[in-house]
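Take a look at the letters that make up each chain.
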Amino acid sequence: MGTEQEDSKSEKVVSSADKDITDELDLIAKKYLRGDGANLEVLKDKKLRGQLAVREELYSKSAKAAAKAEKWLNPCGEGYLEAEGLEKPWRAKQPSIVHEVDILSSRKAFDIVLPELGPYTVDYTSSGRYMAVAGRKGHLAIMDMKSMDLVKELQVRETVRDVVFLHNELYFAAAQKKYPYIYNREGTELHCLKEHGAVQKLQFLKNHFLLATVNKFGQLHYQDITMGDMVANLRTGLGRCDVMQVNPFNAVVGLGHTCGKVTMWKPTSAVPLVKMLCHHGPISAMAYHPGGNLMATAGLDRKIKLWDLRKFEVLHTYSCHAKTLQFSQKGLLAIGNGSLVQIWKDSSGDQNYSRYMSHSMAKGYQVGKVMFQPYEDVLGLGHSMGMSCILVPGSGEPNFDSWVANPFETSKQRREKEVHSLLDKLPPETIMLDPTKIGTMRPARKKEQPSKQEMEAEMEAAIAAAKSAPFKKKTKGRNKPSRREKKKQEGVVKAKRPFLDQQMKEEEHISKKKQRISEEVQLPKALQRFARKKVV
Amino acid sequence: MKVKVISRSTEEFTRERSNDLQRVFRNFDPNLRPQEKATEYVRAVNSAKLEKIFAKPFIGAMDGHFDAVSCMAKNPNHLKGIFSGSMDGDIRLWDMASRQTVCQFPGHQGAVRGLTASTDGRILVSCGTDCTVRLWKVPNSSVMESDESSDNSSEPLAVYVWKNAFWAVDHQWEGDQFATAGAQVDIWDHNRSEPIRSFEWGKDTAISVRFNPGEPNVLATSASDRSIILYDLRLSSPVRKLIMKTKTNSISWNPMEPMNFTAANEDCNCYSYDCRKLDEAKCVHKDHVSAVMDIDYSPTGREFVTGSYDRTVRIFQYNGGHSREIYHTKRMQRVFCVKFSCDASYVISGSDDTNLRLWKAKASEQLGVLLPRERKKQEYLEAVKNRYKHLPEVKRIVRHRHLPKPIYKAATLRRTMTEADRRKAERRKAHSAPGSMPTEPMRKKRIIKEVE
């Protein structure tokens, strides 16, 4: 007896563990389903419904397979920083974190002090392998972050305002005093993009191969770097602008203006897609969450706001200064202000960010740019006295995809990938607020009016409801049958009225139309202008 | 304090030796691939364009006959072999791989009108306007492989002379009987010099005959009195007759759904019927601009090929109203016979210009062995194209075919005419008493009656 009981118990344990795993897998699979399936119940076409049902089943199968692959096959786990006892994670200093981690990772945190040519700005390639550094006074450099080598360093003897990598580490663009330039890795100047003017900020849309720039006069330029043609030249009309960020989800360019507005642009329309007043006072920084539905803006009015980009509403407002903002791949928010860098984390899952880490530079350093290194737990900082990297556990995506961005890419793989990404180059028309709309049906614009029979049925239902409405028991002669009957009739008339009104309106409309047509028909064309105008 | 950061050692993530394969890591997270729908759409457009670029369906012509090719037969036992008969009485066996004549079968005095091979592939039956049926021994495949230089020609196994000219012949799928069509439908046995039985329904000539692939005793014939007749060898009389408004030139049974057959009609259309329900066609396949002369189903049963008097060959889906593909060349004249090859990847057409032409069934398909990666890539592109086929750009590219000018004009003219007819019928209906002129679907319109 006893053994049997034990057996059944162990079975139960196993089954509950299985259930846990399937629950977990279902939870993961939700991400891969990319939204809910179509509602097949409403479809009248049986054949289509059958086809779509098969398709939906395929989707769920592939989502499950992807979830299983994520659960069992991923080689790396996410980074984390957990406090024990009375410790607080935001009190942890960089040296103590560096002390705790392995030697390989501890090398990733460093400071480079270059006091002469600052302030500095930084940019990473999409795989996170290379970093470009630009000093205001003309210092450009590319570093290999895996081997910590300096690949190339050059001095352009001109103001450099921004630097950005193009599709791979072989090319980068720098916004210089009068024009932006494109250099290759050896430091050879390849192109001078004179049409762009004195550019303030540069961004590269890597799926579209577009270089987006905004210049001193608030003009937004898009240039296709494969064919070299200027795709769009848009005037924002909101003056000088030095806050620019691309939404990675839909490749819409966001600009922050001095009037406190944020505008969002696509190259195929001359007016912004969205214009929103975010702050009372100039915008100082903005950043997009990689999921695409969350935007953070900071203004000189000492506010940081988190916006829901589906509803264009504020989710949270925090009182805090920020010179620069950046979301990491895992959704941490880095805020740079003066010599202090704070990292916020959405610990509760409802976009309510709270502080997670903080790091203060030496006094007097001004952080100009924060940028998370993709696929690493590293935050790159460009500041007035050089640049530095700090460790931020849990910021990067631990598992890279070799076909998307490979930090260990060989030159052969890079060449192959360049060809493939050029074949898949997206046309500028595919930039839109909701990129999932491509290939879907446009919803019917007209609302279908209810048919006459439906209207009648509705009216009858309303009358029946009015007739069967319960009565209160009244006293003193008010409960007489005649009174009750009268009351009932009133109720019926009341229920009928809106329907009758609507019917009348429609009939009137139709008769008016008929009249108009008949009038026009009656008179010859030459005399129509003498027809009596109807007095309304 | 517990701290962990991402740390990847180079050894773990790269190959050990230079002759190893590069290591590949996958992460299917949608966040890493923004704008994936746009990317897929671009891929669909590109693959549709590439398909157009690679669409080179014509493989080669096989010439050798001295007169128009009137009929062909597949060798069910040998993939590369195809028999063809011409109007001057010449029968040839071709090797499709080398596009050479392997063997000739001389003997017919007039035109060869029908060719068929027995299911085991040993015996070839031919018939012609010289009122003879001839049985030939098919040379085995080793002969086919051997030298092409020596002029192989073989003697008939048997010659059966009968009363009237023959129009078509078809062999039973299982068993050793075959049927000829002429003044009447005759059923023959290999070893008997006279037909074992004859069927007749009406006085008109039967012009094509086809046995059912699933039920060996059932056959369908079409006659010059515009009828399609179904016979059952187990019964003494014909089973059913369907009379249409125009003549049916040829019939082909769907090998995968053997109750369905498709009739190639003189009125430029093909009609798919269920033989149990002949009062209405299952599908009307329109696109040809002149009489459809011959039809043959792919062994997969999903598509069929037709040859037409308008000098084109078209491939249709078994349930599609319009053709998937059109093949034409400047030199190809009226097409009298078409065949799908036994592996469903080639199409052979025989035409008035004495040539047999070999086409790919899928115009842009890559011939030869595909590497697994190539195959996967092509499957992926096919799926993407299928997913975005409704979008205007993809649809336009996939649908577009260059047509020869006469065919383009004829198609426009036909469209105008049908549109005018439709308008006229609509007006007639509008001006007559309601319900007195019911609209008849195209599936029923061309049927006159069904006789049991």
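Criteria and thresholds
Residues numbered from 1 in each chain as written. Chains lettered and ligands numbered in written order. Predicted model: local features only at pLDDT ≥ 70, side-chain atom pairs only at ≥ 80, totals over all residues. Heavy atoms only, no water. UniProt positions renumbered as here; feature names shortened; annotations may be inferred. Helix = DSSP H or I, 4+ residues; strand = E, 2+ residues; numbered from the N terminus. Buried < 20%, exposed > 50% of the residue type's maximum accessible area, 1.4 Å probe, protein only. Areas by Shrake-Rupley, 256 points an atom, 1.4 Å probe, with all protein chains shown as cover. Rg over C-alpha atoms; globule rule 2.2 N^0.38 Å. Contact = heavy atoms within 4.5 Å. Lys, Arg positive; Asp, Glu negative; His and termini not counted. Charge placed at Lys NZ, Arg CZ, Asp CG, Glu CD. Pairing = 2+ DSSP bridges. Axes fitted to C-alpha atoms, helices over the stretch in contact; angles between N-to-C directions. Domains from an automatic or database assignment. Core = buried A, V, L, I, M, F, W, Y, C linked by side-chain atoms within 4.5 Å. Expected span 1.5 Å × (residues − 1). Arc of directions from axis to C-beta. Buried area = accessible area lost by both parts, 1.4 Å probe. Salt bridge = Lys/Arg side-chain N within 4 Å of Asp/Glu carboxyl O. Polar contact = N/O pair within 3.5 Å; in protein donor to acceptor, adjacent residues only side chain to side chain. Nonpolar A, V, L, I, M, F, W, Y, C, P; charged D, E, K, R; others polar. Patch = residues over 30% accessible without salt bridge, like charges linked within 9 Å, V, L, I, M, F, W, Y side chains within 5 Å.

Per an unreviewed UniProt entry, chain B goes by DDB1- and CUL4-associated factor 13 and derives from Macleaya cordata. According to UniProt, the comment filed for chain B under the heading Subcellular location (unreviewed entry) is "Nucleus, Nucleolus". Word for word, the UniProt comment on chain B under Sequence similarities (unreviewed entry) is "Belongs to the WD repeat DCAF13/WDSOF1 family."

Chain A is annotated in an unreviewed UniProt entry as WD40 repeat from Macleaya cordata. The record held by UniProt for chain A lists under Subcellular location (unreviewed entry) the comment "Nucleus, Nucleolus".

Can you help me understand the overall build of chain B in this one?
A tally of helices and strands in chain B yields seven helices and 30 strands. With 452 residues in all, chain B has 50% of them scored as buried. Carbon and sulfur atoms form 50% of the exposed surface of chain B, whose accessible area is close to 22,000 Å².

I would appreciate a short explanation of the overall build of chain A in the present structure.
Tallying secondary structure elements over chain A gives seven helices and 29 strands in all. Here the C-alpha radius of gyration of chain A, 32 Å, is well above what a compact globule of 536 residues would show, namely 24 Å. In chain A, 46% of the contacts between residues at least 6 apart in sequence involve partners at least 24 apart. Counting only carbon and sulfur atoms, one obtains 53% of the accessible surface of chain A, whose full area is about 31,100 Å². In chain A, which carries 86 positive and 64 negative side-chain charges, the distance between the mean positions of the two groups comes to 12 Å.

When you look at unusual backbone geometry in this model, what are you seeing that I'm missing?
Working note: non-glycine residues mostly have negative phi, and peptide bonds are mostly trans. Residue and element names in this part refer to chain A. Each neighbour pair has its own omega, and for Gly118 with Pro119 the value is -10°, a cis peptide bond. For Arg34, which is not glycine, the phi torsion reads 55° and is therefore positive. With respect to the secondary-structure elements, Arg34 resides in the loop between α1 (2–33) and α2 (46–73). Under the relative-accessibility criterion, Arg34 is labelled partly exposed at 44%. Here Ala251, not a glycine, exhibits a phi torsion of approximately 60°, which is positive.

How do you make sense of the sheet that holds strand β2 (residues 58–63) of chain B when you look at a structure like this?
Through backbone hydrogen bonds, the strands of a sheet pair up, either in parallel or in antiparallel fashion. All names here are of chain B. Ordered by their spatial adjacency, four strands build an open sheet running β2-β29-β28-β27, and the pairing between neighbours is antiparallel. Of all the strands in the sheet, the pair left with one neighbour each is β2 and β27 (335–340). Strand after strand, the sheet turns through a mean of 20° between neighbouring axes, direction not considered. Two elements, strand β28 (residues 346–351) and strand β29 (residues 355–360), share five bridges in a ladder whose sense is antiparallel. Bridge pairing links Gly350 to Leu356 in β29.

I tried to follow the UniProt feature "domain: Sof1-like protein" (unreviewed entry) in chain B on my own but got confused; where do I start?
According to UniProt, the feature "domain: Sof1-like protein" (unreviewed entry) maps to residues 361–447 of chain B in the numbering used here. Along residues 361–447 of chain B one finds 62% helix and 1% strand; the C-alpha atoms at either end are 31 Å apart.

Would you explain the sheet that holds strand β21 (residues 270–274) of chain B in this entry?
Residues and elements named next belong to chain B. Sheet architecture is open: four strands sit in the order β19-β20-β21-β22, paired in antiparallel fashion. In this open sheet, the two edge strands, each paired with only one partner strand, are β19 (248–253) and β22 (283–285). On average, each strand axis in the sheet is tilted by 25° relative to the strand beside it, whichever way the strands run. With three bridges joining them, β21 and β22 adopt antiparallel strand pairing. Paired with Cys270 across the strands is His285, a residue of β22.

Mind showing me how you'd approach the UniProt feature "repeat: WD" (unreviewed entry) in chain B here?
Residues and elements named next belong to chain B. Per the UniProt record, the feature "repeat: WD" (unreviewed entry) sits at residues 62–104, 105–146, 285–326 and 328–369. From the first C-alpha to the last, residues 285–326 spans 13 Å; its make-up is 0% helix and 52% strand. Counted over residues 328–369, helix gives 0% and strand 43%. Its end C-alpha atoms are 27 Å apart.

Please clarify how the pairing of strand β3 (residues 69–74) of chain B should be interpreted in this entry.
In the case of a regular strand, side chains alternate between the two sheet surfaces. Most of β3(B) sits out of view: five of its six residues are buried. Following β3(B), the chain reverses through six residues before pairing antiparallel with strand β4 (residues 81–86) of chain B.

What's the story with the pairing of strand β7 (residues 112–117) of chain B in this structure? I'm lost.
Residues and elements named next belong to chain B. Counting buried positions along β7 gives five out of six residues, so the element sits mostly inside the fold. By the bridge criterion, five bridges tie β7 to strand β8 (residues 123–128) in an arrangement that is antiparallel. Residue pairing for β8: Ala117 is matched across the bridge by Leu124. Between the end of β7 and the start of β8, which pair antiparallel, lie five residues, with Gly121 showing a positive phi angle near 75°.

Honestly, the domain arrangement of chain B in this entry has me stumped. Any pointers?
Each domain of chain B was delimited in the assignment, giving domain 1 (36–56 + 372–400) and domain 2 (58–362). For domain 1 of chain B versus domain 2 of chain B, the separation of C-alpha centres amounts to 36 Å.

Teacher, can you tell me more about the nonpolar core here?
One recurring pattern in soluble globular proteins is that nonpolar side chains are buried together. Residue and element names in this part refer to chain A. Counting residues in each nonpolar core, the largest one holds 35 residues, and the members touching the most others are Met131, Ile343, Leu379 and Val392. Looking at this core, the elements with two or more residues in it are β3 (120–124), β4 (130–135), β25 (340–345), β26 (354–360), β27 (367–372), β28 (378–383) and β29 (386–391). Among the nonpolar cores identified, the runner-up in size contains 29 residues, and Val262, Trp265, Trp307 and Ile431 belong to it.

Teacher, can you tell me more about the domain arrangement of chain A here?
As a measure of interface size, the accessible area lost when the parts come together is often cited. Domain boundaries assigned for chain A yield domain 1 (89–433) and domain 2 (451–469 + 480–511). The C-alpha centroid of domain 2 of chain A is placed 64 Å from the C-alpha centroid of domain 1 of chain A.

So what exactly am I meant to see when it comes to helix α4 (residues 372–387) of chain B here?
Structurally, the α-helix is built with 3.6 residues per turn, so residues lying three or four positions apart point the same way. All names here are of chain B. Taking 1.5 Å of rise per residue, 16 residues should cover 22 Å, and α4 covers 22 Å from first to last C-alpha, within 8% of that figure. For α4, the full list of buried residues reads Leu381, Val384 and Lys385. The buried side chains of α4 occupy one side of the element, clustering within an arc of 100° when seen end-on. With respect to the buried face of α4, the exposed residues turned more than 90 degrees away are Pro372 and Lys376. Considering only its buried residues, α4 is in contact with α2 (36–54) and α5 (392–399).

Explanation requested: the interface of chain B and chain A in the structure shown.
Each partner contributes residues to the interface: chain B has 39 residues there, and chain A has 66 residues. Both sides together, the interface formed by chain B and chain A hides about 4,700 Å², and carbon and sulfur atoms give 55% of it. When the area that chain B buries against chain A is broken down by residue, the three leading residues are B:Met1, B:Ile6 and B:Arg8, summing to 19%. Between chain B and chain A we count seven salt bridges in total. For the salt bridge of B:Glu36 with A:Arg34, the shortest nitrogen-to-oxygen distance reads 2.4 Å. On the surface where chain B and chain A come into contact, there are 25 residue pairs in polar contact (both at pLDDT 80 or more). Here the side of chain B that touches chain A gets eight residues from one element, more than from any other, and that element is α2(B). Each residue belonging to the side of chain B that touches chain A can be placed in one class, and the counts come to 16 nonpolar, 11 polar and 12 charged. Strand direction decides the pairing type here: strand β1 (residues 80–82) of chain A and strand β1 (residues 2–4) of chain B, joined by three bridges, are antiparallel. Bridge pairing in β1(B) links A:Leu81 to B:Val3.

Please explain a nonpolar patch on the surface as it appears in this structure.
All names here are of chain A. On the surface, Leu33, Leu58 and Tyr59 cluster together into a nonpolar patch covering about 260 Å² of accessible area. Relative to the helices and strands, Tyr59 is located in helix α2. Residue Tyr59 is classed as partly exposed on the basis of its relative accessible area of 30%.

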